[in-house]
Amino acid sequence: MDRDALVAELNALRRGVSGVTDTLVAGVDGLLIVADTEDRIDPESVSALAAAHLGLAHTTAATIGQGAFRQAVVRSSGGYLAVYSVDRLALMVVLGDEGLDIGRLHHASLPTIERIGSILTAC
């Protein structure tokens, strides 16, 4: 797996979308693969929590019958956590401050998710 390529994708997303503060890729089991984060968060803990969130979101999507899960967003008073499915192989987590344009993030994330999926499956 090309970890440098994964970090480059995360860094490009972080630089390209105003308000993005941290990004990471984790396995669906919650184990951290790579992170582009500041020291204020523990990427391994965020990976585990995001995987639990992803599992619940997948189950919810299946139960309500509206197609495959794509993303889940948590908005708190200080910002956002967005969890995106990467081909059921992994997940991408994006943290953002309260100024994050969530619509812009969703738009910019689609090609990033595709490239991350390609990097992960090239192994």
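For clarity, every value in this text was computed on a predicted model and none was experimentally measured. (Residues numbered from 1 in each chain as written. Predicted model: local features only at pLDDT ≥ 70, side-chain atom pairs only at ≥ 80, totals over all residues. Heavy atoms only, no water.)

With that settled, the discussion passes to the overall build of the chain. Within the chain, the secondary structure is distributed over 3 helices and 5 strands. Counted from the first residue to the last, the chain has its helices and strands arranged as α-β-β-α-β-β-β-α. Radius of gyration (C-alpha) of the chain: 13 Å, near the 14 Å computed for a compact globule of 123 residues. In terms of overall dimensions, the chain has C-alpha extents of about 40 × 35 × 25 Å along its principal axes. (Helix = DSSP H or I, 4+ residues; strand = E, 2+ residues; numbered from the N terminus. Rg over C-alpha atoms; globule rule 2.2 N^0.38 Å.)

What follows concerns the pattern of salt bridges. Applying the stated criterion across every chain yields a total of 4 salt bridges. Arg 115 is the partner of Glu 9 in a salt bridge, and the nearest nitrogen-oxygen pair spans 2.8 Å. Residue Glu 9 is found in helix 1 (residues 3–16), and its partner Arg 115 is found in helix 3 (residues 102–121); the two are separated by 106 residues along the sequence. Judged by its relative accessible area of 14%, Glu 9 falls in the buried class. We classify Arg 115 as partly exposed; its relative accessible area is 39%. For Asp 22, the salt bridge identified is with Arg 40, shortest N-O distance 2.6 Å. Taken together, the positions of Asp 22 in strand 1 (residues 20–27) and Arg 40 in the loop between strand 2 (32–36) and helix 2 (43–64) put the pair 18 residues apart, joining distant regions of the chain. Ionic contacts of the salt-bridge type, sharing partners, join the residues Arg 14, Asp 36 and Glu 38 into one network. (Salt bridge = Lys/Arg side-chain N within 4 Å of Asp/Glu carboxyl O. Buried < 20%, exposed > 50% of the residue type's maximum accessible area, 1.4 Å probe, protein only.)

Read from one edge of the open sheet, 5 strands run 2-1-5-4-3, paired in antiparallel fashion. Two strands lie at the open edges of the sheet, namely strand 2 and strand 3 (71–76), each paired on one side alone. Each strand axis lies, on average, 15° off the axis of its neighbour in the sheet, ignoring direction. Of the pairings in the sheet, the one linking strand 4 (residues 79–86) to strand 5 (residues 90–97) comprises 8 bridges and is antiparallel in character. Residue pairing across strands places Tyr 80 opposite Gly 96, the latter belonging to strand 5. With respect to the sheet, helix 2 is in contact with strand 1, strand 2, strand 3, strand 4 and strand 5, its orientation differing from that of strand 4 by roughly 65°. (Pairing = 2+ DSSP bridges. Axes fitted to C-alpha atoms, helices over the stretch in contact; angles between N-to-C directions. Contact = heavy atoms within 4.5 Å.)

Glancing now at the nonpolar core. One finds Val 25, Met 92, Leu 105, Ile 116 and Leu 120 to be the most contacted residues of the largest nonpolar core, which totals 22 residues. Broken down by secondary-structure element, the contributors of at least two residues to this core are helix 1, strand 1, strand 2, strand 4, strand 5 and helix 3. For this core, the element with the highest residue contribution is helix 3, accounting for 6 residues. Not counting residues up to four positions away in its chain, the partners in contact with Val 25 are Leu 10, Leu 32, Ile 33, Val 34, Ala 90, Leu 91, Ile 116 and Leu 120. By size, the runner-up hydrophobic cluster in this structure holds 16 residues, among which are Val 46, Leu 81, Val 83 and Leu 91. (Core = buried A, V, L, I, M, F, W, Y, C linked by side-chain atoms within 4.5 Å.)

Here the largest pocket defines a volume of roughly 250 Å³. Lining the largest pocket are 15 residues, and of these Phe 69, Arg 70, Ser 85, Asp 87 and Ile 113 lie nearest its centre. Looking at the lining of the largest pocket, the elements that each hand over two or more residues are helix 2, strand 4 and helix 3. (1 Å grid on protein atoms, 1.4 Å probe; cavity = no way out; pocket = protein on both sides within 12 Å on 5 of 7 lines; lining within 4 Å. Points joined across faces, edges and corners; volume = space filled by probe spheres on them.)

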